[in-house]
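# Observations on chain architecture
Each chain is listed here by its residues.
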Amino acid sequence: MRLSVSTDEFPESDITTGMLYYGAESLDISSALAGKCYDVFLTDDGLVIGPEWTNCTTRALQVEKDGCKIVNAISFSGIDAGDAELVGGFRCHANGLTRSTKQSRLVWSRYDAILLPVCRVDTAASWSYSTAAWRQANGNALNQIEIFCGVSGRMVDITAYQLTWQGARQLSPAASSASESTVPRLIVPR
C-alpha cells in the first residue's frame, strides 16, 4: 500500500485534494495549513496527521525505528509513543489542500515508492535578458518544480533540459538548482 492523493494507489492524472488515502483508510487534511509539512501515521483507529513540522526540513515530532517500521518516539494527540506507524506525509500548497501534479509532487509514501514524472515547460516563444545573472527561466516564478520527500535516503532523480537560441545560433546555457529556492525545490528532512 502507498499513501496517495487518490483511491487509486497509482493515479495517472494530476490531482489537487483535501483527502489522502492509504488502502481502505482515508484522511481529511482540511485542518492543515498552507506552506506547512505534516507526517501521516497509521494507528489502530486509522490514519492521523502528526504535528506540523518546525520548518520544511525538521519534524516537530521525533520518530524512531522499531524493527522495519518507523514510529512516533513520543506521545502526541493522545497516542502513546510507539503506537503510530509513519506511512507518509504531505505539504500543503493551500490551506487544507495538497497535490500530486507534474509540477508539484507534495505527497510521499514510505511504502511502495514509485517513479513519478515531474515537468515544467515554459510556453513563451522567446524572452530576453539584458544582464548576465542567475534567475528563473523567463523571470517566471512558475518555472520550478516541487518535491516533498519525508525521509532522507530516498533517491530522487531530477534531470533538467534546456534549449537556448540566439537568432539562428544555439547557445550553451548554464543551469542550476537549489533547495528551498529555485528550480527544483526539494524538501527532505535533515
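Residues numbered from 1 in each chain as written. Predicted model: local features only at pLDDT ≥ 70, side-chain atom pairs only at ≥ 80, totals over all residues. Heavy atoms only, no water.

## So, the pattern of salt bridges
It is possible for side chains of opposite charge to pair when their charged atoms get near one another. Applying the stated rule across the entire model yields four salt bridges. With its nearest N and O atoms 3.8 Å apart, the salt bridge here joins Glu 52 to Lys 36. Residue Glu 52 is found in the loop between strand 6 (46-49) and strand 7 (63-66), and its partner Lys 36 is found in the loop between strand 4 (25-28) and strand 5 (37-43); the two are separated by 16 residues along the sequence. The exposure class assigned to Lys 36 is partly exposed, which follows from its relative accessible area of 30%. Here Arg 59 ties to Asp 39 by a salt bridge, and the two come within 2.7 Å at their closest N and O atoms. Highlighted residues: Arg 59 in the loop between strand 6 and strand 7 and Asp 39 in strand 5, separated in sequence by 20 residues. Where salt bridges share partners, they join Arg 91, Arg 99 and Glu 146 into one cluster. (Salt bridge = Lys/Arg side-chain N within 4 Å of Asp/Glu carboxyl O. Helix = DSSP H or I, 4+ residues; strand = E, 2+ residues; numbered from the N terminus. Buried < 20%, exposed > 50% of the residue type's maximum accessible area, 1.4 Å probe, protein only.)

## Focus on a negative patch on the surface
A cluster of acidic residues, Asp 44, Asp 45, Asp 80 and Asp 83, forms a negative patch on the protein surface. In this structure, Asp 45 sits in the loop between strand 5 and strand 6. (Patch = residues over 30% accessible without salt bridge, like charges linked within 9 Å, V, L, I, M, F, W, Y side chains within 5 Å. Areas by Shrake-Rupley, 256 points an atom, 1.4 Å probe, with all protein chains shown as cover. Lys, Arg positive; Asp, Glu negative; His and termini not counted. Charge placed at Lys NZ, Arg CZ, Asp CG, Glu CD.)

## Section: the packing of aromatic side chains
Within a pair of aromatic rings, the relevant descriptors are the distance that separates the centres and the angle that separates the planes. Taken as a whole and assessed by the stated rule, the structure comprises three aromatic pairs. Taken together, a centroid distance of 5.2 Å and an interplanar angle of 45° make the contact between Phe 41 and Phe 76 tilted. With Phe 41 in strand 5 and Phe 76 in the loop between strand 8 (69-72) and strand 9 (85-91), the pair connects residues that are 35 residues apart, well separated along the chain. Per residue, the accessibility class of Phe 41 equals that of Phe 76, and both read buried. (Phe/Tyr/Trp six-rings, centres within 6.5 Å; stacked < 30°, edge-to-face > 60°.)

## Topic: the sheet that holds strand 3 (residues 19-22)
With antiparallel pairing, the three strands of this open sheet are ordered in space as 1-3-4. The open sheet terminates on both sides in strands that have one partner only, identified here as strand 1 (3-4) and strand 4. (Pairing = 2+ DSSP bridges.)

## Some remarks on the confidence of the model for the protein chain
When the pLDDT values of the protein chain are averaged, the result is 84; 84% of them are 70 or greater. Taking the mean pLDDT of every element in the protein chain, the minimum, 46, falls on strand 16 (residues 185-187) and the maximum, 98, on strand 6. Scored below 50 in pLDDT, residues 180-190 shows 45 contacts in the model against residues more than four places distant or in partner chains. (pLDDT = per-residue confidence, 0-100. Contact = heavy atoms within 4.5 Å.)

## With respect to the environment of Phe 41
Residue classification places Phe 41 among the buried positions, given a relative accessible area of 0%. Those residues within four positions of Phe 41 in sequence are excluded, and the remaining contacts are Gly 46, Leu 47, Val 48, Gly 50, Leu 61, Val 63, Asn 72, Phe 76, Ala 84, Glu 85, Leu 86 and Val 87.

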